[in-house]
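Listed below, chain by chain, are the residues.
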Amino acid sequence: MVGRSSLPDGALFLGLDSSTQSVKATVLSNELIIVASETVNFDSELPHYKTEGGVYRDPTDDGRIYSPTIMWVEALELLLEKLKPKINFSKVVAVSGSGQQHGSVYWKKGSQAVLSSLDPGKSLVSQLKDAFSTMDSPIWMDSSTTKQCREVENAVGGALELSKLTGSRAYERFTGPQIRKIYQTAPHIYENTERISLVSSFMASILVGCYASIDETDGAGMNLMDINKRTWSKAVLEATAPDLEQKLGNLAPACAAAGRISSYFVERHQFDKNCFVIQWSGDNPNSLAGLTLNTPGDLAISLGTSDTVFGITAEAKPSLEGHVFPNPVEPDGYMVMLCYKNGSLTREDVRNQCAEKSWDIFNNYLEKTPPLNGGRLGFYYKDHEILPPLPVGFHRYIVENFSDASSDNLKECEVQEFDPESEVRAIVEGQMLSMRGHAERFGMPNPPKRIIATGGASSNESILKLIAQIFGCPVFTVERPG
Ligand code: ADP
Ligand code: XUL
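Residues numbered from 1 in each chain as written. Chains lettered and ligands numbered in written order. Predicted model: local features only at pLDDT ≥ 70, side-chain atom pairs only at ≥ 80, totals over all residues. Heavy atoms only, no water.

### Here we look at the site of ligand 1
Lining the immediate environment of ligand 1, one finds 14 residues, of which Ser-19, Lys-24, Thr-305, Glu-348 and Gly-456 sit closest. Measuring from an oxygen atom of ligand 1, one finds a side-chain N or O atom of Thr-305 at 2.8 Å. In the environment of ligand 1, an oxygen atom lies 2.4 Å from a nitrogen or oxygen atom belonging to the side chain of Glu-348. Out of a free accessible area of 580 Å², ligand 1 has 80% covered by protein chains. Three or more residues apiece are contributed to the shell around ligand 1 by two domains, here domain 1 (12-285) and domain 2 (344-477). (Near = heavy atom within 4 Å. Polar contact = N/O pair within 3.5 Å; in protein donor to acceptor, adjacent residues only side chain to side chain. Areas by Shrake-Rupley, 256 points an atom, 1.4 Å probe, with all protein chains shown as cover. Domains from an automatic or database assignment.)

Take a look at the structure:
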């Protein structure tokens, strides 16, 4: 590996993020200063895929949400083209990245050969468009595998047993149940699959020109990996689909090198042939690393497409709620996490309906309404929620005698709508109160010493202020590329 003292002058580090709505690049100097950044938004910059928020919602299969795999490849090519005038790729000594967790890619039989012999004179899309046994990648927003979840849990002795084995009970979006659904409903696709990658290992595979291992921290989001041993769990593999281990390949720690960058990128984009590709990991584990979260009393809240809350712990104590993943930085430690599907996109919907599509107006409403909204409370699920597991629907209640919470006189009455100001406060307050409630129940620090916020909505100071009020602790953010 490269030691910092032995780095060449002007050395650069390239960090990529393949997420739900976009791919992003951040370039750091030797002194860890951001020197360039770039984004490719799927909906607006690759409109021919016709995605909404980067995804497709299948009208014929309730809860099925997926993305076109090849769109991620085209986005990577476009991202590099946009970055090219800004930095000298030959100075990049290491590349790594984050992938949206749980999403999976199905490489067709024979694709390893295609991947390792890419012609630098041609685009990646033209050479990889036929490399997949299905063109659709199920992603983390999917909730269509409840049947498979129950089957896998039952096969290993119940939900708690599965959680003790893998760090989580079965969740619809986790990759194991997704793989089982493909095996059951499209056996020809499963049979024709040579390798299954996560979004993280998929992007790393393209960069190294061969199948990259699945990173252990992201592997923990599959309901397939033994959380203590960090190897595939034979019992769960068998409960999921036949001959699965060979389709998954090896696991590797988050800090391992996946290999040197492939000759394709050396010749087409002038990367240095010695440039390392470091294992890509899931976006949440990488956020934990990036925020340098290393104090047990601290919590991080990520407000991206999903909302997540996470912290670190020395021991794995998986339960029926939340997730335990390996800590990407401390090899013996763990991270604990809660995930909400109705994050930024649901806030955006309310902003569009009630605040003239403007965050400024949204924030103004948030600032001028009182804490607890005069008893107007709401639960907003644009998509099936993960936590608690509830179907699509917006539910609004007015609670009477709210100021006298100790009395038995509390009465709630369901209503169809609130005034726009109250609607804005109700969604943000409802989301953050739910986070606090579940975080406490899950044994996360209460109150936390401090919260570090990241993700798109962490640029919104009014939202951060509300988080500080609800959790009763200071909230910090980190430098974000402009
Ligand atoms: P991803 O999970 O795809 O990486 P990001 O972290 O890039 O998501 O966050 C994107 C989201 O950030 C958008 O959907 C948008 O709603 C939200 N966002 C951006 N700016 C603001 C803002 N000022 N206030 C609230 N939300 C914002
Ligand atoms: C985590 C999860 C989401 C995705 C978003 O379990 O499903 O936070 O990682 O990219």
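On we go from here.
### Overview of empty space enclosed by the protein
By rolling a water-sized probe across the atoms, one finds the places where empty space is left. One pass over the structure, following the stated rule, counts two cavities of 30 Å³ or more. Estimated volume of the largest cavity: approximately 40 Å³. Taken together, Arg-436, Ala-439, Glu-440, Met-444, Pro-445, Asn-446, Pro-447, Pro-448 and Phe-471 form the lining of the largest cavity. Element by element, the count of residues in the lining of the largest cavity is highest for helix 17 (residues 420-441), at three residues. Looking at the lining of the largest cavity, its residues break down into six nonpolar, one polar and two charged. Of the voids in this model, the second largest cavity is the one considered here, and its volume is about 30 Å³. Contributing to the lining of the second largest cavity are Tyr-171, Gly-322, His-323, Leu-338, Cys-339, Ile-386 and Leu-387. Of the residues assigned to the lining of the second largest cavity, the class counts are five nonpolar, two polar and no charged. (1 Å grid on protein atoms, 1.4 Å probe; cavity = no way out; pocket = protein on both sides within 12 Å on 5 of 7 lines; lining within 4 Å. Points joined across faces, edges and corners; volume = space filled by probe spheres on them. Helix = DSSP H or I, 4+ residues; strand = E, 2+ residues; numbered from the N terminus. Nonpolar A, V, L, I, M, F, W, Y, C, P; charged D, E, K, R; others polar.)

### A closer look at the sheet that holds strand 21 (residues 376-381)
Spatially, the three strands line up as an open sheet ordered 21-22-23, and their pairing is antiparallel. Looking at the sheet topology across the chains shown, the edges are occupied by strand 21 and strand 23 (411-415). For this sheet, the mean inter-axis angle between neighbouring strands, taken without regard to orientation, is 25 degrees. Sheet topology note: the strand 21/strand 22 (residues 393-400) ladder contains six bridges and is antiparallel. Counted as the bridge partner of Tyr-381 is Gly-393 from strand 22. Relative to the sheet, helix 17 contacts strand 21 and strand 22, its axis offset from that of strand 21 by approximately 70 degrees. (Pairing = 2+ DSSP bridges. Axes fitted to C-alpha atoms, helices over the stretch in contact; angles between N-to-C directions. Contact = heavy atoms within 4.5 Å.)

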